[in-house]
Amino acid sequence: MNRALAYAEQHFDRFVGELVDVLRIPSISTDPEYAGEVRRTATWLADHFKALGFPKVEISETPGHPIVFAEYAVDPSKPTVLVYGHYDVQPADPLDLWKTPPFEPTVVDGVLYGRGTCDDKGQFFAHMKAAEAYLRTDGTLPVNLKVMLEGEEECGSTNLAPWIEANRERLACDIVVVSDTTLFGPGIPSITYGLRGLAYVEVSLTGPDRDLHSGVYGGAVENPINALAKMIAALHDENHRVTVEGFYDNVRPLTAKEREGFAALPFDTKAWAGEVGVSVTKTEKGYSALEGTTARPTLDCNGIWGGYTGKGAKTVLPSKATAKISMRLVPDQTPHEVTEKLRRYFEAHVPPTMTLDFKDLHGGHGVLVDTESPAMEAASEALEGVYGRRPYFIRSGGSIPVVADFKNILGRDTILMGFGLDSDSIHSPNECFGLDRFGEGIRSVIRFLDVYGRSAR
Ligand code: BES
Ligand code: MN
Ligand code: MN
């Protein structure tokens, strides 16, 4: 392990250069125009695994973007680690808000800026470089290693679960490791043991069969925007709880121990609010902001439109209003169950003068991972070795739906060992990843593989 650590330090600048090369390829999965770039990224990664000496490397086709799968088996008596990451990225817009071009990665004061730096190329690349460090020093790995890199995470992973199902044997492992989450703060070692799930819908109300003059018809024809806004406003009560009937039915309550854990985390609610430009936080009554953003279910309108939204004033009474609504879920809510409950809410409140269109867009299950497993202990030891103190166990408010699939299809837990920060602006302009954290990630993985490799299967 020490030789691998020394190698990683010695070759760090080259690692950064290689990361920059793959970041230059705009692998935007949601936009069909970029399909060629997504594939070029898959090819780049497959070639990189081959150059590292992985004996099995494949670009595996799906009905959508391909999955890169690489395998390095060393010894059947050693544990097998499956690393998952995603090589696709979010679109870069709004482009004019970027201070450096999104696909021309640039280092400013030790921080690498560019789309995908943190989410997720910079993070999974740390695993590839940790493997290289072992292979170029010891000539072998401390564990059997499998890596699968997906190209459709940012657009719903529609082809992923069937692929995992079909490749169940090939993916057999003792533990899954994912670096696609955040640290609690800079220099604060953290392991994420909970992720929220997601249910995403689009709702439309249609009234008159065309936009009308708001002077001629306003007063006798009901306005779909007014009606939809009212329905959305009524989705929360005065305690900021979601009013959808049965919404909280299957919510697994926080344990007293978990709440103590949350309270012990070094979290300054006011400073946190200030960072996003709000003066105070607003959370479901009875819960802290930290609990509200990670361990409680929520409902948010993501976008709303209809009528006239161009320059100046145009007096219309719109024919139609549409909103996109997401719900972040916690165990044991299921996306289907809450989506149906929300559908019933809209159906029950749609005005008799209007028709409703309710579309289920996509979803994923939340997860909670056992914090007392041997793999968690190995991860804790690894992070302690890098950061000099035991990690915090944290829950994250984001969603990585594949983690529930790994549990349900492969029967395996996932260690969420991420090195991002909330301030890395993932999905936003000026996404970034501190090079210090790229290094911490590589060293943490090197240490994890060593400790876990020595643990009994
Ligand atoms: N890496 C993120 C999820 C994440 C972010 C987890 C921060 C923990 C902390 C992932 O790439 C992502 O963006 N997930 C989407 C869901 C997906 C189904 C589109 C999300 O959370 O909105
Ligand atoms: Mn991600
Ligand atoms: Mn993302």
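As the structure is a computational prediction, the values presented were derived from the model and not from experiment.

Caption draft 1: Spatial organisation of the pattern of salt bridges. Taken as a whole and judged by the stated rule, the model has 29 salt bridges. The salt bridge involving Lys341 is made with Glu337; its shortest N-O contact spans 3.0 Å. Here Lys341 pairs with Glu337, and both are found in helix H10 (residues 335–349), just four residues apart, close to one helical turn. For the pair Lys341 and Glu337, one class covers both residues: buried. Three or more residues are tied together by salt bridges with common partners; here these are Arg14, Glu18, Lys129 and Glu132.

Caption draft 2: Seen up close, the coordination of the manganese ion (ligand 3). Distances from the manganese ion (ligand 3) to its protein donors, Asp119 (OD), Glu154 (OE), Glu154 (OE) and His427 (NE2), fall at 2.1 to 2.6 Å. Metal-to-metal, the separation of the manganese ion (ligand 3) and the manganese ion (ligand 2) is 3.6 Å; Asp119 coordinates the two. Of this pair, Asp119 sits in helix H4 (residues 117–135) while His427 is found in the loop between strand S17 (414–416) and strand S18 (432–434), placing the two residues 308 residues apart along the sequence. Owing to a relative accessible area of 6%, Asp119 belongs among the buried residues under this scheme.

Caption draft 3: Here's a closer look at the site of ligand 1. Near ligand 1, the surroundings consist of 15 residues, among which Glu153, Asp180, Arg328, Ser399 and His427 are the closest. Between His86 and ligand 1, the recorded distance is 3.2 Å, taken from a side-chain N or O atom to an oxygen atom. At 2.9 Å from a nitrogen atom of ligand 1 is found a side-chain nitrogen or oxygen belonging to Asp180. Coverage of ligand 1 by the protein amounts to 88% of the 520 Å² it exposes when considered alone. Considering only residue class, the shell around ligand 1 consists of three nonpolar, seven polar and five charged.

Caption draft 4: Spotlight on the sheet that holds strand S11 (residues 298–306). Taken in spatial order, the four strands line up as S11-S13-S9-S14 in an open sheet, and their pairing is antiparallel. The sheet terminates laterally at S11 and strand S14 (355–364), the two strands that pair on one side only. Direction aside, neighbouring strands of the sheet carry axes that sit 15° apart on average. As defined by bridge partners, strand S9 (residues 197–206) adjoins S14 across nine bridges and the pair is classed as antiparallel. Of the residues in S14, the one forming a bridge with Leu198 is Gly364. The sheet contacts of helix H6 (residues 224–233) involve S9, S11 and strand S13 (320–329), and relative to S13 the element is tilted by about 15°. Against the sheet, H10 contacts S9, S11, S13 and S14, and its axis sits at roughly 165° relative to S14.

Caption draft 5: View of the packing of H4 against helix H13 (residues 435–454). Two numbers describe how H4 lies on H13: the axes approach to 8 Å, and their chain directions differ by 55°. In terms of axis orientation, H4 runs oblique to H13. In this structure, H4 crosses over H13, and the sense of that crossing is right-handed. Residues Gly122, Phe125, Ala126, His127, Lys129, Ala130, Ala133 and Tyr134 of H4 lie in contact with H13, whose contacting residues are Phe438, Gly441, Ile442, Val445, Ile446, Leu449 and Asp450. Split into classes, the residues belonging to the contact of H4 with H13 amount to ten nonpolar, three polar and two charged.

Conventions we followed
- Residues numbered from 1 in each chain as written.
- Chains lettered and ligands numbered in written order.
- Predicted model: local features only at pLDDT ≥ 70, side-chain atom pairs only at ≥ 80, totals over all residues.
- Heavy atoms only, no water.
- Salt bridge = Lys/Arg side-chain N within 4 Å of Asp/Glu carboxyl O.
- Helix = DSSP H or I, 4+ residues; strand = E, 2+ residues; numbered from the N terminus.
- Buried < 20%, exposed > 50% of the residue type's maximum accessible area, 1.4 Å probe, protein only.
- Donors = N, O, S within 2.8 Å, 3.2 Å for Na, K, Ca; no water.
- Near = heavy atom within 4 Å.
- Polar contact = N/O pair within 3.5 Å; in protein donor to acceptor, adjacent residues only side chain to side chain.
- Areas by Shrake-Rupley, 256 points an atom, 1.4 Å probe, with all protein chains shown as cover.
- Nonpolar A, V, L, I, M, F, W, Y, C, P; charged D, E, K, R; others polar.
- Pairing = 2+ DSSP bridges.
- Axes fitted to C-alpha atoms, helices over the stretch in contact; angles between N-to-C directions.
- Contact = heavy atoms within 4.5 Å.
- Parallel < 35°, antiparallel > 145°, perpendicular 65-115°, else oblique.
- Left-handed = near helix turned anticlockwise from the far one by under 90°.

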